[in-house]
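Take a look at the letters that make up each chain.
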Amino acid sequence: MKKTILILLLALSCTFACAADKVPARPHIEVVTTEGTFKLELDGKAAPLTVANFLHLVELGFYDGTIFHRIIPGFMAQGGGYTPGFEKKAIAETVANESGNGLSNLRGTIAMARTGDPHSASTQFFINHANNAANLDPVKGAARGKWGYAVFGFVFEGMEVVDAIVNAESQSNGPGGAPAPIIPIVIKTMSRITYTYK
């Protein structure tokens, strides 16, 4: 019985770890929203598990039709978990926290949202609207709260669209009373693209 459980646990732990071995170093994503389009470059070397999970969700079309459900100017824009009307999408597998990977929560970076459990990140992400390293990066040597929020890429084109999303007129009617855009800002499509630097 113990041997069977161990085999199952090893198989589950391999789900993203094995997929992470095949993650490209710098995959690119195009995010088409009702507010405009922006593009992401992910860091498959610094955050292989997170990027593997995110790419899997993109390929499934999971993010298509979801909204930015929490916007705070000077802080961040969060999405990836709700459809218009604030209906929560099914949660995927959780990902081990990869904060402390050398990437910092600076303006324009994308990171995984999570609960108080450091390893609870699943589908929701946020884009930093300001330099939030002091509050969101891991604290080295701290016994409590040492885990930060795992950064796994950055906006390399269209940051003005993210600015528009964050600064949209909002009211506190989002999940848990979070400030959400009055007019829903929907992710129409999120897809892999081939990008060549100019």
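Computed from a prediction, not measured in an experiment: that's the story for all the values here.

Rules of the game
- Residues numbered from 1 in each chain as written.
- Predicted model: local features only at pLDDT ≥ 70, side-chain atom pairs only at ≥ 80, totals over all residues.
- Heavy atoms only, no water.
- Salt bridge = Lys/Arg side-chain N within 4 Å of Asp/Glu carboxyl O.
- Helix = DSSP H or I, 4+ residues; strand = E, 2+ residues; numbered from the N terminus.
- Buried < 20%, exposed > 50% of the residue type's maximum accessible area, 1.4 Å probe, protein only.
- Pairing = 2+ DSSP bridges.
- Axes fitted to C-alpha atoms, helices over the stretch in contact; angles between N-to-C directions.
- Contact = heavy atoms within 4.5 Å.
- Phe/Tyr/Trp six-rings, centres within 6.5 Å; stacked < 30°, edge-to-face > 60°.
- Lys NZ or Arg CZ within 6 Å of the ring centre and 35° of its normal.
- Core = buried A, V, L, I, M, F, W, Y, C linked by side-chain atoms within 4.5 Å.
- pLDDT = per-residue confidence, 0-100.

Asker: Is there a simple way to think about the pattern of salt bridges in this case?
Answerer: As a working rule, side chains carrying opposite charge can pair if their charged atoms are close by. As enumerated under the stated definition, the model contains four salt bridges in all. Across the pair Glu157 and Lys39 runs a salt bridge, and its minimum N-O distance is 3.3 Å. Residue Glu157 is found in strand β9 (residues 151–157), and its partner Lys39 is found in strand β2 (residues 36–42); the two are separated by 118 residues along the sequence.

Asker: Is there a simple way to explain the pairing of strand β4 (residues 76–79) in this structure?
Answerer: Working note: regular strand, side chains alternate between the two faces of the sheet. A two-sided burial pattern is seen for β4, the buried positions comprising Met76 and Gln78 on one face and Ala77 and Gly79 on the other. Pairing of strand β3 (residues 68–72) with β4, which is carried by four bridges, proceeds in the antiparallel orientation. The partner of Arg70 across the bridge, within β4, is Gln78. If you look at the hairpin formed by β3 and β4, you'll find three residues sitting between the two strands, and Gly74 has a positive phi there, around 80°.

Asker: Help me understand the sheet that holds β3 in this model?
Answerer: Within a sheet, adjacent strands bond to each other through the backbone by hydrogen bonds, running parallel or antiparallel. Taken together, eight strands build an open sheet; the order of strands is β3-β4-β8-β7-β9-β2-β1-β12 and the sheet is antiparallel. If you trace the sheet from one side to the other, it starts and ends with β3 and β12 (187–193), each paired once. Across the sheet, the mean angle from the axis of one strand to that of its neighbour is 25°, orientation sign disregarded. With four bridges connecting them, β2 and β9 associate as antiparallel partners. Pairing of Glu41 across the sheet is with Phe154, part of β9. Its contacts with the sheet put helix α2 (residues 48–60) on β1 (28–33), β2, β7 (109–112), β8 (125–128), β9 and β12, and the angle it makes with β12 is roughly 120°. Here helix α4 (residues 159–166) sits on the sheet and contacts β1, β2, β3, β4, β8 and β9; the angle it forms with β2, its principal contact strand, is near 115°.

Asker: How should I be thinking about the environment of Met112 in this particular structure?
Answerer: The topology assignment puts Met112 in strand β7. When the C-alpha atoms of Met112 and Phe54 are compared, they prove to be 9.5 Å apart, with 58 residues separating the residues in sequence. Residues contacting Met112, with those up to four places away along its chain left out, are Thr50, Asn53, Ala121, Ser122, Thr123, Gln124, Phe125, Phe126, Tyr149, Ala150 and Phe152.

Asker: What should I look at first to understand the packing of aromatic side chains in this one?
Answerer: Describing an aromatic ring pair means giving the distance of the ring centres and the angle of the ring planes. Taken as a whole and judged by the stated rule, the model has eight aromatic pairs. Each ring, one from Tyr63 and one from Phe125, has its centre 5.5 Å from the other, and the planes form 80°; the classification is edge-to-face. In this pair, Tyr63 sits in the loop between α2 and β3 while Phe125 sits in strand β8, placing the two residues 62 residues apart along the sequence. Cluster of aromatic residues (ring-pair linked, three or more members): Phe54, Phe62, Tyr63, Phe68, Phe125 and Phe152. Note that Lys89 overlies the ring of Phe62, its terminal NZ or CZ placed 4.3 Å from the centroid. Residue placement shows Arg114 over the ring face of Tyr149; its charged tip is 4.1 Å from the ring centre.

Asker: Mind showing me how you'd approach the nonpolar core here?
Answerer: Buried together is how nonpolar side chains tend to be arranged in soluble globular proteins. Ranked by internal contacts, the top residues of the largest apolar core, which has 33 residues, are Ile29, Phe38, Leu40, Leu42, Phe54, Phe125 and Met190. Here this core takes six residues from α2, the largest share from any one element. If you look at the next biggest cluster of nonpolar residues, it comprises six residues, including Met76, Phe126, Leu136 and Val151.

Asker: Looking at this structure, how should I read the confidence of the model for the protein?
Answerer: It should be kept in mind that the predicted coordinates are not to be read in detail where pLDDT is low. Confidence along the protein averages 89 in pLDDT terms, with 86% of residues attaining 70 or more. In the model, residues 1–14 has pLDDT below 50 throughout and makes one contact with residues more than four positions away in sequence or in other chains.

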